[in-house]
Amino acid sequence: MRLRLQSQLVIVMIAVLSVLTIVSLLVLRHSVQTEVRRQTLDAVASSVHAFDRLQEQQFASLLRTASMMAELPTLKAVLATKHPTTIQDASAEFWKLSGTDLLILGDTAGVPMAVHASVANLGTESANRILAVRSAEEPESWWYDESGLYRIVSQQVTAGSGKDQQALGTIVLGLRINDAVAQEIGRLTGTEVVLGVGDSILATTLSSSDRAGLKDVLRNQSGERDSVPREIRIGNRRFETASIVLQTGSKATVRCYMLIPLEETYAFLSRLNITILVLALMVALLGAALLRVISSAITRPLEKLVAAVKALASGDPNYRVELKGSVEVKELGSAFVSMRRDLVESQQRQIEAERLAALGRAAGSISHDLRHHLAALVANAEFLHDSKGPDSDRDDLYREIQRASDQMTVLIDSLVEISRERSTLSLAEDELQQIVVRARDSLKANPDFRQQQIDITSSCDTRGMFDAQKLQRAFFNLLLNAYEATSAKSGMVSVDIKSVGDTLECRITDNGHGIPDAVKVSMFEPFVSAGKNNGTGLGLTIATKIIRDHSGEVVLESTSSEGTTFLVRLPRRSAPERTAPASAVM
C-alpha cells in the first residue's frame, strides 16, 4: 500500500526525531551507567583501603601488646624455668591479660612450652608450625588451619641487655577471625565482608542463604583473577566485589572479599530506563503532532492539485484549482492549469480529426458499396427493360434488383444504428434458438452461402425477452463473419446454446483460418475488416452494440489457424416456464 506524501513526511520525521532522541537518551544513560560504575569501583577501592588501614591498626595494636608482654619480668621468669608444666600453668594469667584468642610460648629452639587458645582443636602440632613459621621470619601475620583463621604476631623474649642479653624464648599472640570480627570489619568499611579459603567461608557478614550461593560463585570462579573488581550474582542479589590476599604461606591462600550490594544502583538504572522511555514517547508524540501541522501546511496545496488531476482524469476539465502556498506550489499549479487547457484543446482537435477521418473512411466505403449496388440496380433495370425473353429470366432480374436495393437499405440502416448512442428495444418473449435459425435462413437466401453447412444445437429452454428483429440482425452479422472466414467447400459453422443460471450462452464456432493478431485489439471498432473483399467493417460492431443493448456481451473466446469461437452472453430477462431441453440439428 502506497502512503500519501503527508504520511511519508510524518513517518520519516518521526523516525528521525525518535532515533535522535533515543540515541541522545542512550548516550545519557551510558554516561550515567559509567558514572555509577565508577562510583561503585571507587567505593570498592575505598573499602579495600579502609580494610588495609584496619589491618595495619590491628597488627600494630597486637604487636604493641606482644612487645609489652615480652618485657614483663614475671613472663621472663616463667620462661627462664624452662619447665613446660610450670610455664603452661603460669602463662594462663598472661593469656587472660593479653585479651587475645591465642597465646603460644616457645623456647629458643622453637618448641612450644605453653599453648592457650579459645578453641579446643588447636593442638601442639599447629603450635609447632606457627613457631616454625615465625622463627623463619616470614612476612606473614595470618594463620589458617582446621581451628580457624588467626591474625598473629610474635615477639622474642630476652633477658639482660647489651653483651649480657640472653634469649629466653618467643611469645606469639593471635586474634581469631569469626563472624563478629567480620561484622566489625564490614561496619568500618561499609561493605559485606567474606573471609575464606577457596570456596570455604571462614567468616562473613552475609546471611545463611547468601552464604550458600556465594560458595557456588567462589567454586565457579576459583580460577579467575581477583585483582580487578567484578560483578557477581548471589541468588537474586548482585554485588560488586574485590578481593585481598591475606596470606599464602600456610596450607592455602586466604582471601578477604569486599562485596558492595547493587540493588539500589540497579533500581536507579531501572527508574532511569523508564524515564528515558517515557521521555522518548513524549518527544515522539509531541513531534508527531508538530510534524502533522507542518506537513499539512506543505502537502495541502499538493493534495488539492492531485484532486484536480484526478478530476481531469475522470473527465472534468473545469475543476477549480486554487493557486495558494509557496512560490513553487503556485508555479506548479499555474503550469497544471496551462497544461490542462492545452490538453483539452488538443483532445478536441484530436476528436475532430478522428471524426473527420472516420467520416472519410465511412464515405469512401459507403460510396463504393452504394456505387456497386446502384450499378447492379441500373444494369438489371436495363436488362429488364430490354429483355424479351421468358418470364423466368425477368423474375431473376427483378430479384437481383430487389437484393441490391435491400443491401443498400441494410448499409444505410447500419450507419443509422452506429450513430445512435443506445437503441430503444422492443422486447417480447421469443426463443433464442429460433432467432438464430431465422438469421441462418436469411443468410442461406444468398446463393453464395447455400453450399456451406451450419449446425444449431441447444440443450435448454432458450426463451427470454428479446428484440427479435435486432437480435436476428446481430446473429446474421456473426454468422456472416463465420461463413466468410471459411472455405466454400469444407467450411463448417456450429452454434451451441446453453443456459448458465439466468444467462444464455451462445458459442459460434467456425473452422476458418482464424483472426490475425493485428486485428484482435481493434476488431470490435467500426470499419475494421480483414480478409474480405467487400467488407465494410461494420458487421461485428453492429452485432456488439445490439447485444450490449440487451445487457449482454460478445467476447472472442478462442482463435487459431484451426478456427474461431465467439461467445455471446444474453440475460433472459424472464424465467422460462418449461424445463424440458430443446435441441435441433440443421
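Residues numbered from 1 in each chain as written. Predicted model: local features only at pLDDT ≥ 70, side-chain atom pairs only at ≥ 80, totals over all residues. Heavy atoms only, no water.

For the protein chain, the helix and strand inventory stands at 13 helices and 17 strands. Buried positions account for 38% of the 586 residues belonging to the protein chain. Long-range pairs, those at least 24 residues apart, make up 63% of the contacts in the protein chain between residues at least 6 apart in sequence. Accessible surface for the protein chain amounts to roughly 33100 Å². Of this, 55% is attributable to carbon and sulfur atoms. (Helix = DSSP H or I, 4+ residues; strand = E, 2+ residues; numbered from the N terminus. Buried < 20%, exposed > 50% of the residue type's maximum accessible area, 1.4 Å probe, protein only. Contact = heavy atoms within 4.5 Å. Areas by Shrake-Rupley, 256 points an atom, 1.4 Å probe, with all protein chains shown as cover.)

Pairing between strand β1 (residues 102–106) and strand β2 (residues 112–117): five bridges, direction antiparallel. Bridge pairing in β2 links L102 to A117. Turn length for the β1-β2 hairpin, with the two strands adjacent in sequence and antiparallel, is five residues, and the turn residue G110 shows positive phi of about 85 degrees. (Pairing = 2+ DSSP bridges.)

By the secondary structure assignment, R440 is in helix α10 (residues 432–444). Residue classification places R440 among the buried positions, given a relative accessible area of 9%. Looking at R440, its side chain comes within polar contact range of the side chain of D441, at 3.0 Å. (Polar contact = N/O pair within 3.5 Å; in protein donor to acceptor, adjacent residues only side chain to side chain.)

Relative to the 24 Å expected for 17 residues at 1.5 Å per residue, helix α11 (residues 468–484) spans 24 Å between its end C-alpha atoms, a close match to the ideal helical length. When you tally the buried positions in α11, you get twelve out of 17 residues, the bulk of the element. Of the residues making up α11, those classed as buried are A468, K470, L471, A474, F475, N477, L478, L479, L480, N481, A482 and Y483. (Expected span 1.5 Å × (residues − 1).)

With that out of the way, let us pick up the sheet that holds β2. Strand order in this open sheet of five strands is β2-β1-β5-β4-β3, and the pairing throughout is antiparallel. Of all strands in the sheet, those bounded by a partner on one side alone are β2 and β3 (142–145). Neighbour-to-neighbour, the strand axes of this sheet turn through a mean angle of 25 degrees, independent of strand direction. Pairing geometry for β3 and strand β4 (residues 148–159), over four bridges, is antiparallel. Paired with W142 across the strands is R151, a residue of β4. Packed onto the sheet, helix α2 (residues 73–80) meets β1, β4 and β5 (166–177) and runs at close to 110 degrees relative to β5. (Axes fitted to C-alpha atoms, helices over the stretch in contact; angles between N-to-C directions.)

Bringing the sheet that holds strand β15 (residues 503–510) into the picture now. With respect to topology, five strands assemble into an open sheet ordered β12-β14-β15-β17-β16, the strand pairing being mixed. Taken across any chain shown, the strands that pair with only one partner, and hence form the sheet edges, are β12 (453–458) and β16 (553–560). When the angles between neighbouring strand axes are averaged without regard to direction, this sheet yields 15 degrees. Note: β16 against strand β17 (residues 563–571), seven bridges, orientation antiparallel. Bridge pairing in β17 places T559 opposite T564. Sheet strands in contact with α10 are β12, β14 (492–500), β15 and β17, and its direction is about 175 degrees off that of β12. α11 rests against β12, β14, β15 and β17 of the sheet, and its axis sits at about 25 degrees to β15.

Note: predicted coordinates in regions of low pLDDT should not be interpreted at a detailed level. Residues with a pLDDT of 70 or more make up 73% of the protein chain, whose mean pLDDT is 76. Low pLDDT, under 50, characterises residues 574–586; the predicted model gives this stretch 31 contacts beyond four residues in sequence or across chains. (pLDDT = per-residue confidence, 0-100.)

Moving on to the environment of A439. With respect to the element layout, A439 can be found in helix α10. Taking the C-alpha atoms as reference points, A439 and L478, separated by 39 residues in sequence, lie 9.5 Å from one another. Residues within four places of A439 in sequence aside, it is in contact with Q472, F475, F476 and L479.

Attention now moves to the environment of A92. Relative to the helices and strands, A92 resides in helix α3 (residues 84–98). In this structure A92 comes out as partly exposed when scored by relative accessible area, which is 23%. For A92 and H116, which are 24 residues apart along the polypeptide, the C-alpha to C-alpha distance reads 7.1 Å.

Our next topic: the side chain of T462. Inspection of the secondary structure puts T462 in the loop between β12 and β13 (463–466). When sequence neighbours within four positions are dropped, the list of residues in contact with T462 reads D430, E431, L432, Q433, I497, L504 and R572.

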